[in-house]
Amino acid sequence: MTSRRVARVLIDSPLPQLDRLFDYAVPDDLAERAVPGVRVKVPLRSAGRTVEGYLVDLAERSEGERPLSDLEDVVSPVPVLVPTLYDLARRAADRAAGSASDILRLVIPKRMVRAEKAWAAAPAPTTPEVSSDALAWAQTIIAPFPTLADAVAAGERLAVDAPPRPGAGHPAWAELLAAIAVITLAAGRSAIIVVPDHRDQTHVLSVLGERLPADAVIRDDARRSGPERYASYLRLLAPAPIVVVGNRSTVYAPASEVGAVLIWNDGDPLLAEPLSPGVHARDAALLRQETEGSALVLAGHTRTTDVERLVAVGWVHEVPARRRESPTVVLSATREGESRGTRVPSAAFAAAREALANGPVLVQVARPGYAPVLVCADCRTPARCPHCAGPLRARRPGAVPDCTWCGRSAPAWSCSSCSSIRLRMASSGSERTADELGRAFPNTRVIVSDGEHQVTEIDGRPALVIATRGAEPFAPEGYRAVILLDGDRMLMTEQLRIAEACLRWWSDAAALAAPRAPVHLVGVAGPAARALATWSQAAHARAELAERAPLHMPPTVRVAAVEGSAAAVGASLRQLRDDVPTLADGAVLGPVPGEEGSVRALVRFEFSAGRAVAESLRAAVIAQALRGRRRGSVPGPRNTLRVRLDVPDLDL
């Protein structure tokens, strides 16, 4: 009996029921071009149309078996889906109860014919040369970490606390990550550097640009044009090693012989993927390290509770510096005789005045704008929009208040509690702070850096820099003083990880200070403030874990959110109880009413039950999707059940 080649295809579709490999017969005219990894077009019987997909594998099939549909066409001869990328996407999707095609859609750019033809006509890339000077510089940078080089070479999982200071014209953390990448590339292996935003990416690229040739580094982000992204992706598929610097999806980059994956500041919410299936860059990197054996470096100025849990169980090893560095942190409070409402205490004010004689001073605030919160001047009730109940704000002194949600102005506002028409500014944003401090320090440059006024770097001349958290410009020589305002307001946010987030914001700002420059944390006490003052972020993470463990809160457990119609959520939870009998009695929270008639439930489960929970919830999503597409079903949403594992911002 003769056999025929069969292509196993992953269809590029968001439908959960299509998240598996489909078999198609390979016609003789496509036999040479139909190789694993290429894009193909295939017929989809259920939809009566042609869809695209990826040819994952080839197999042999006997002619006497059930007939198969033929491949329609091979879209491109380039194998863009390498086996390692498919394996990683499959594992990440299964862990998150999602679809592999959703992950591949984040990684593989759309095909650009001109870029593909230019790539095919160009000579094959060669292994980049790392100069002896660059290698010597890299060894000098990582010298304060005696065991780091050997641990990276051995492919270990590492937690590194970066030096909290400016380097030689760049942040010290960017130099550390670049040095690890240079050493990895010198060993003939690729390095992948994942950072939260374009500011961090610019710092790392700037350091690498001074040490490596241009063809040794690839910038990977969505801000480039389509042809640029596709050309860069084709370069990654070449066998020559490379250094890749990008954002969260870069963790999947199919570079050749990856020796190290470096993640900076894994606690930053920008590294949590908002699109389905919502796999965090840190979790994807852990899966990649486990399958490929490359080193994984989780670096930051602070230690997240997620990383500290991995350190505690021995899955990640801590790499300490030979000599611990820390900025000079002062816990500033109002002195006797000062008003409790004083926003900048005399100690911090005096430090700023003295520092301005020598260079710039950084002032971190919580919010942008002029007055982001308004209250009734008589009864202090928060001012709300009469249309959507959103908070009102003032963009400048005397301006008509407008809503931060819908943007509508409220010229005829009156208090819902006492009917007063008088408003009071209850908080100061970046612009109001700049206005107030500008009057307090006349003849001084005032620079505002926030979402509307983006400043990435400043010079060493005296200046007051008012920046929102995360928008602090870099000063190559360091700030002569750093004042952290609104810390008490930041800690009042109702979030599970708010203390962890505040410590990260403060630490990142403190790391911008020049050596021995004072860092004043104003009006804050408690564990987070003490951790900043003693620069013991890892100990704070351990304390947070100890407090969350008895309450079964993440990251001591994993959490899944199940949302949809009451019937769909109820059925999925009942099936989950049957599939995973080891779930505790209090594992399910809810369901509670949500938006537009939906309900939402949270499921807490141990890491050991992760696979079983993911499989059960994924099966429920597929079953619900199939039920919604049956003929004769009641009109309505086709997929009424949504599942997300490891919810980044847990709202209890």
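All of these numbers come straight from a predicted model, not from anything done at the bench. (Residues numbered from 1 in each chain as written. Predicted model: local features only at pLDDT ≥ 70, side-chain atom pairs only at ≥ 80, totals over all residues. Heavy atoms only, no water.)

Draft legend 1. Inspection of the overall build of the protein chain at higher detail. When helices and strands are counted, the protein chain shows 18 helices and 26 strands. Its C-alpha atoms give the protein chain a radius of gyration of 28 Å, within 12% of the compact-globule value 26 Å for 652 residues. Reported as C-alpha extents along the three principal axes, the dimensions of the protein chain are approximately 100 × 70 × 45 Å. The buried share among the 652 residues of the protein chain stands at 52%. At a minimum sequence separation of 6, the contacts of the protein chain that also span at least 24 residues come to 71%. Per element, the accessible surface of the protein chain, about 30,100 Å² overall, is 51% carbon and sulfur. (Helix = DSSP H or I, 4+ residues; strand = E, 2+ residues; numbered from the N terminus. Rg over C-alpha atoms; globule rule 2.2 N^0.38 Å. Buried < 20%, exposed > 50% of the residue type's maximum accessible area, 1.4 Å probe, protein only. Contact = heavy atoms within 4.5 Å. Areas by Shrake-Rupley, 256 points an atom, 1.4 Å probe, with all protein chains shown as cover.)

Draft legend 2. Quick look at the sheet that holds strand β24 (residues 588-593). The sheet built from four strands is open, its strands ordered β24-β25-β23-β26 with antiparallel pairing. Unpaired on one side and paired on the other, β24 and β26 (641-645) mark the two borders of the sheet. On average, each strand axis in the sheet is tilted by 15° relative to the strand beside it, whichever way the strands run. Looking at chain direction, strand β23 (residues 558-564) and β26 are connected through five bridges and run antiparallel. Note that in β26 the partner of Ala560 across the bridge is Leu645. (Pairing = 2+ DSSP bridges. Axes fitted to C-alpha atoms, helices over the stretch in contact; angles between N-to-C directions.)

Draft legend 3. Spotlight on the nonpolar core. Counting residues in hydrophobic clusters, the biggest one holds 50 residues, and the most contacted among them are Ile108 and Tyr252. Every residue in contact with Tyr252, bar those within four places of it in the chain, is listed here: Leu85, Leu88, Ala92, Ile103, Val107, Val279, Ala284 and Arg288. Judged by nonpolar contacts, the second largest core, of 40 residues, contains Ala162, Ala178, Val182 and Ala216. (Core = buried A, V, L, I, M, F, W, Y, C linked by side-chain atoms within 4.5 Å.)

Draft legend 4. Expanded view of helix α9 (residues 281-292). Compared with an ideal rise of 1.5 Å per residue, which puts 12 residues at 16 Å, α9 spans 16 Å between its outermost C-alpha atoms and is within 8% of the ideal. Residues of α9 that are buried: Ala281, Arg282, Asp283, Ala284, Ala285, Leu286, Leu287, Arg288 and Gln289. Check the buried side of α9 and you find it contacts α1 (83-95), β6 (157-161), β7 (190-194), β10 (258-264), β11 (295-300) and α10 (305-312). (Expected span 1.5 Å × (residues − 1).)

Draft legend 5. Fine view of the packing of helix α14 (residues 498-510) against helix α16 (residues 537-548). Contact geometry of α14 with α16 gives a least axis separation of 11 Å together with a crossing angle of 170°. Accordingly, the angle class assigned to the pair α14 and α16 is roughly antiparallel. The segment α14 lies against α16, with Ala499, Glu500, Leu503 and Ser507 engaging Gln537, His540, Glu544 and Arg548. (Parallel < 35°, antiparallel > 145°, perpendicular 65-115°, else oblique.)

Draft legend 6. How the structure looks around helix α11 (residues 346-355). Along α11, the positions that sit buried rather than exposed are Ala348, Ala351, Ala352 and Ala355. One side of α11 carries all its buried residues, which in axial view fall inside an arc of 100°. In this structure, α11 carries Arg353 and Glu354 as exposed residues pointing more than 90 degrees from its buried face. (Arc of directions from axis to C-beta.)

Draft legend 7. View of the side chain of Asp221. For Asp221, the position within the fold is in the loop between β8 (217-220) and α8 (226-236). Excluding anything up to four places from it in sequence, Asp221 contacts Gln201, Arg229 and Asn247.

Draft legend 8. Up close: the side chain of Glu472. As for its placement among the helices and strands, Glu472 is situated in the loop between β20 (463-468) and β21 (481-484). Only 2.8 Å separates the side chain of Glu472 from the side chain of Gln364, close enough to count as a polar contact. Filtering out sequence-adjacent residues up to four positions away, Glu472 remains in contact with Arg199, Leu362, Gln364, Ala467, Ala509 and Leu512. (Polar contact = N/O pair within 3.5 Å; in protein donor to acceptor, adjacent residues only side chain to side chain.)

Draft legend 9. Spatial organisation of the packing of helix α3 (residues 113-121) against α8. Relative orientation of the contacting elements α3 and α8 amounts to 35°, with a least axis distance of 9 Å. Classified by chirality, the crossing of α8 by α3 is right-handed. Together, Ala115, Glu116 and Trp119 of α3 and Pro227, Tyr230, Ala231, Leu234 and Arg235 of α8 make up the contact between the two elements. Of the residues assigned to the contact of α3 with α8, the class counts are six nonpolar, no polar and two charged. (Left-handed = near helix turned anticlockwise from the far one by under 90°. Nonpolar A, V, L, I, M, F, W, Y, C, P; charged D, E, K, R; others polar.)

Draft legend 10. Geometry of unusual backbone geometry. Here Ser276 and Pro277 are connected by a cis peptide whose omega angle stands at 5°. In this fold, Pro277 is placed in the loop between β10 and α9. In this chain, Gly590 is followed by Pro591 through a cis amide linkage whose omega measures 5°. The phi dihedral of Asp486 falls on the positive side, at around 65°, and the residue is not glycine. As for its position among the elements, Asp486 is in the loop between β21 and α13 (487-491). By relative accessible area, which is 10% here, Asp486 ends up buried. Notably, Trp535 is not glycine yet its phi reads approximately 50°, a positive angle. Take Trp535: it is sitting in the loop between α15 (527-534) and α16.

Draft legend 11. Fine view of the sheet that holds β21. Taken in spatial order, the six strands line up as β13-β22-β21-β14-β20-β19 in an open sheet, and their pairing is parallel. The sheet terminates laterally at β13 (328-332) and β19 (446-449), the two strands that pair on one side only. Averaged over neighbouring strand pairs, the angle between their axes works out to 20° when direction is ignored. Of the strand pairs in this sheet, strand β14 (residues 360-365) and β21 are connected by four bridges, and their pairing is parallel. The partner of Val363 across the bridge, within β21, is Ile483. The strands touched by helix α12 (residues 430-440) are β14, β19 and β20; relative to β20, the strand with the most contacts, the crossing angle is about 160°. Where α14 meets the sheet, it contacts β14, β21 and β22 (518-522), and its direction lies at approximately 170° from that of β14.

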